[in-house]
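Structural features, examined
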Amino acid sequence: MRAHGIIRNIFCIVITIFSMIHLISCSMDHGNPEIAGSENKSHTISGTVSSGSPVAGTVYLKNATTGEILSGPIDENGHYSILLINYMTGPYILEARGTTGGRAICLHSLGTRADVSATVNITPMTEMICGNVLKSDPELFFESFDEDVLSKAATAVNISKHENIIKKRFKNIMDLFEIPDDLSLINTPFYTDHSGIDGVLDVIRFNIVLDETGKKTPQMVAKLIFSDDQILDDYTEDDDSGFPVQQVTVKDIASIAAVFKTWENKFNDESSDTKRLPLSSDSDLTVLFADDFFQNGRNRTEFLEKICTFDDGLVTGTLEGMRIIGLSYDYIDFSEGIAQVSFTVKNNKGYTEDQYHWTMVKSGEQWRMKGNRQLVDCYVGVYSAYSITTKKILANGFSVFAWTPFIERASDIHHIGVTGYGIPSGYTLTPIHKGGGLLFVASGSAPEGYCEFADAETVRDNEEYVFTLYGNDGNTIPGSVYKRCVKKGCSSSSDLSVNKLLYFSDIVNPLQTEIDTFNDGPAKLESKWTTANDMVRKEISCYYTHSSNNAIKRKIYPLNKSGETEYDFMIFEKNITRLDIYARSSDIYDRVFDAFISDSQYVEQTMAKDIIFYLEEVDKPFRIF
């Protein structure tokens, strides 16, 4: 028995040694010790995407081995993860595209073989590292992509060299947040909680430098939001000059974030079995808002009553369970106790809406919200329309307007001047009575608010447009100069017609020859939408009018996926005179037309602003806030 046991143990040892030799051989055969295993074995690269607040969007990856593109979504906390396969050995360049705080974001980072199954963060600081390593603008490099250049430039030694230079340039700001010297900007995990490296990103605004023609240059400016200090980073030159020592305390950054978290929590009562909206008189809620709070014409009492009231028809859901995401800081004056922030609101049905330039004021140790301080709601965005009848693009430009339901409060506004890229000099909006409120549009614009002077494709993301309110005496109304930021959305005239199904719905039923089926009602409308993998529609909406009482109806198709999707919608009313289908991503609307209107009706009889911004009760604005 003893001899038999010894022989069995020897046999086990031999088998173990043979298995180890076999595994080592397999690893060596694949030529990549960092990614050893079978050809089907997968690994990941993951990390955080933040620009002071988490970026909502998608991360794309290209590797120097094959040039293939992989992608992965970014969640609301800024985290992403991309699944790799064995033959992708690196180095890698990563691109994050999305939005945060109402701004469009495009950032980059680099990874090596050693980063497989590890962390690779993507921030404005990794953008700088990437630009300096590649000696070019990362976005342009990612688009053109040269595998040889990436392989030679993105070595661990070169990446580390430029990371250390960037850390040196930002050291005096990183010291404010007590960040250790050995932290890696690329590889150290962090949370988007307005502390640590996320806090550093909060207090710095990063902007690509554009030349005289509006084209990007290989330069980035980093400017503090609480002083005039800034540094210029030229990717083609080595420079280690940094920010001077700052004599400030940054605890207010977290304190402001806590105010919005408390507000969010009041609409997410986990202690109750039945979710509910808080009372507008709740003292724990009202204390978050300053006494002189003012938001798009509403005072504090009116605003709280609005957001604490169940109104399911208005925005396909209430604010019960709402989220406040993408909080970013526009500027802050620590000594005066005043700040300005932008953020995005997401309601319980997934509808999102960007909020720009809310003023914050500090009273004692408490920060409170003052709203956007605007008398009217101003809007500028991309506007596109396609005629299935003629197979032509009917509109591809801007939509520029302002609106308020408070006619008396806006009676002193004579006109509104609008300036910004693509807007002609002297562009003026004048008021007309519409839907129980005042709509400010350019005279003769068709549809109302449409500005055809700039092709949507030429519009640059994050361009800022200024709305200036003028009184009846011809002078600027004090405190009434408002700013809005534009996001391009999906539309691009270069491929709008060729790939129309990426942008516009295809009517499956009824056919062109069968549209009279809607004269007698009821009838079934079926449409199909095919989107690119990286294009996520948040909502599909169908609006229609009928001759019986000219009422406007709205049908929502919640959508949080890409690919081919079909919709069907029963219309019971008779004599349909108009039908429009819209796609929305965030608060960007891409206008869609089908066969039920003609080009002449588009110009002469449009009700575009009624349809987009009003529902069945036409005295209610479409926006949440």
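Above this text is the structure in question.
Residues numbered from 1 in each chain as written. Predicted model: local features only at pLDDT ≥ 70, side-chain atom pairs only at ≥ 80, totals over all residues. Heavy atoms only, no water.

**Concerning the pattern of salt bridges**
Close approach of charged atoms lets side chains of opposite charge pair. With the rule as written, the count across this model stands at 22 salt bridges. Taking the shortest distance from any N to any O, the salt bridge between Lys135 and Asp238 comes out at 3.2 Å. Placement of the pair is Lys135 in the loop between helix 2 (124–134) and helix 3 (138–144) and Asp238 in the loop between strand 9 (230–234) and helix 8 (251–266), with a sequence separation of 103 residues. Of the residues examined, Lys135 reaches a relative accessible area of 36% and is grouped as partly exposed. When its relative accessible area of 49% is taken as the criterion, Asp238 is described as partly exposed. One salt bridge in this structure joins Arg169 and Asp233, with 3.1 Å as the shortest N-O distance. Here Arg169, found in helix 5 (residues 156–169), pairs with Asp233, found in strand 9; they are 64 residues apart in sequence, far enough to count as distant. Each member of the pair, Arg169 together with Asp233, is buried. Sharing partners across several salt bridges, the network here consists of Glu76, Lys261, Glu264, Arg323 and Lys346. (Salt bridge = Lys/Arg side-chain N within 4 Å of Asp/Glu carboxyl O. Helix = DSSP H or I, 4+ residues; strand = E, 2+ residues; numbered from the N terminus. Buried < 20%, exposed > 50% of the residue type's maximum accessible area, 1.4 Å probe, protein only.)

**Some details on the pairing of strand 23 (residues 476–485)**
Inspection of the sheet shows strand 22 (residues 464–471) paired to strand 23 by 6 bridges, in the antiparallel sense. Among the inter-strand pairings, Glu464 is bridged to a residue of strand 23, identified as Cys485. Linking strand 22 to strand 23, which pair antiparallel, is a turn of 4 residues; within it Gly474 sits at a positive phi near 90°. (Pairing = 2+ DSSP bridges.)

**A word on the nonpolar core**
Within the largest apolar cluster, 92 residues are counted, with the highest numbers of intra-cluster contacts made by Tyr80, Met125, Phe170, Phe260 and Trp263. Judged by nonpolar contacts, the second largest core, of 24 residues, contains Cys378, Phe398, Ile416 and Cys451. (Core = buried A, V, L, I, M, F, W, Y, C linked by side-chain atoms within 4.5 Å.)

**So, the sheet that holds strand 7 (residues 204–210)**
Taken in spatial order, the 3 strands of this open sheet run 7-8-9, and their pairing is antiparallel. The open sheet has two edge strands, strand 7 and strand 9, and neither has a second partner. Put simply, the sheet's adjacent strands are angled 25° from each other on average, direction ignored. Summarising the sheet, strand 7 and strand 8 (residues 216–224) pair through 6 bridges and their orientation is antiparallel. Opposite Phe206, over in strand 8, you have Ala222 as the bridge partner. (Axes fitted to C-alpha atoms, helices over the stretch in contact; angles between N-to-C directions.)

**Let's talk about the side chain of Thr404**
With respect to the secondary-structure elements, Thr404 resides in strand 17 (residues 392–404). Within polar-contact distance, the side chain of Thr404 engages the backbone nitrogen of Phe406 at 3.1 Å. For Thr404, the residues in contact, after removing those within four places along its chain, are Leu375, Val376, Ala410, Gly437, Leu438 and Phe440. (Polar contact = N/O pair within 3.5 Å; in protein donor to acceptor, adjacent residues only side chain to side chain. Contact = heavy atoms within 4.5 Å.)

**Topic: the sheet that holds strand 12 (residues 323–333)**
Taken in spatial order, the 4 strands line up as 12-13-14-15 in an open sheet, and their pairing is antiparallel. Looking at strand neighbours, the two that pair on one side only are strand 12 and strand 15 (366–371), the edges of this open sheet. Adjacent strand axes in the sheet meet at a mean angle of 30° when their direction is disregarded. Looking at chain direction, strand 14 (residues 352–363) and strand 15 are connected through 5 bridges and run antiparallel. Considered in strand 15, the bridge of Thr359 is made with Gly371.

**Points about helix 8**
Taking 1.5 Å of rise per residue, 16 residues should cover 22 Å, and helix 8 covers 23 Å from first to last C-alpha, within 8% of that figure. Among the residues making up helix 8, those that are buried are Asp252, Ile253, Ile256, Ala257, Val259, Phe260, Trp263 and Glu264. The buried residues of helix 8 all sit within an arc of 145° when viewed along its axis, so they share a single face. (Expected span 1.5 Å × (residues − 1). Arc of directions from axis to C-beta.)

**A look at unusual backbone geometry**
In this structure, His194 is a non-glycine residue whose phi angle is positive, near 65°. Position of His194 among the secondary structure elements: in the loop between helix 6 (171–174) and helix 7 (196–202). At Arg373, a position not held by glycine, the phi torsion is positive, near 65°. For Arg373, the position within the fold is in the loop between strand 15 and strand 16 (377–387). With relative accessibility at 28%, the residue Arg373 sits in the partly exposed group.

**As for the side chain of Ser109**
Considering the arrangement of structural elements, one finds Ser109 in strand 6 (residues 103–111). Exposure remark for Ser109: the relative accessible area of 0% places this residue in the buried category. Of the polar contacts made by the side chain of Ser109, one reaches the backbone oxygen of Asn121; its length is 2.8 Å. Those residues in contact with Ser109 that lie beyond four places of it in its chain are Tyr92, Ile93, Leu94, Val120, Asn121, Ile122, Thr126, Cys130 and Ile186.

**Digging into the environment of Leu232**
Here Leu232 is to be found in strand 9. With relative accessibility at 41%, the residue Leu232 sits in the partly exposed group. Along the primary structure Leu232 and Met220 are separated by 12 residues, whereas in three dimensions their C-alpha atoms are 5.9 Å apart. In contact with Leu232, not counting residues within four places along its chain, are Arg169, Val209, Gln219, Met220, Val221 and Asp239.

**A few points about helix 10 (residues 300–307)**
Considered for burial, the residues of helix 10 that qualify are Phe303, Leu304, Lys306 and Ile307. What you see down the axis of helix 10 is that its buried residues fit within an arc of 160°, all on one side. Of the residues flanking the start of helix 10, the one acting as N-cap is Asn299, its side-chain oxygen 3.2 Å from the backbone nitrogen of Thr301.

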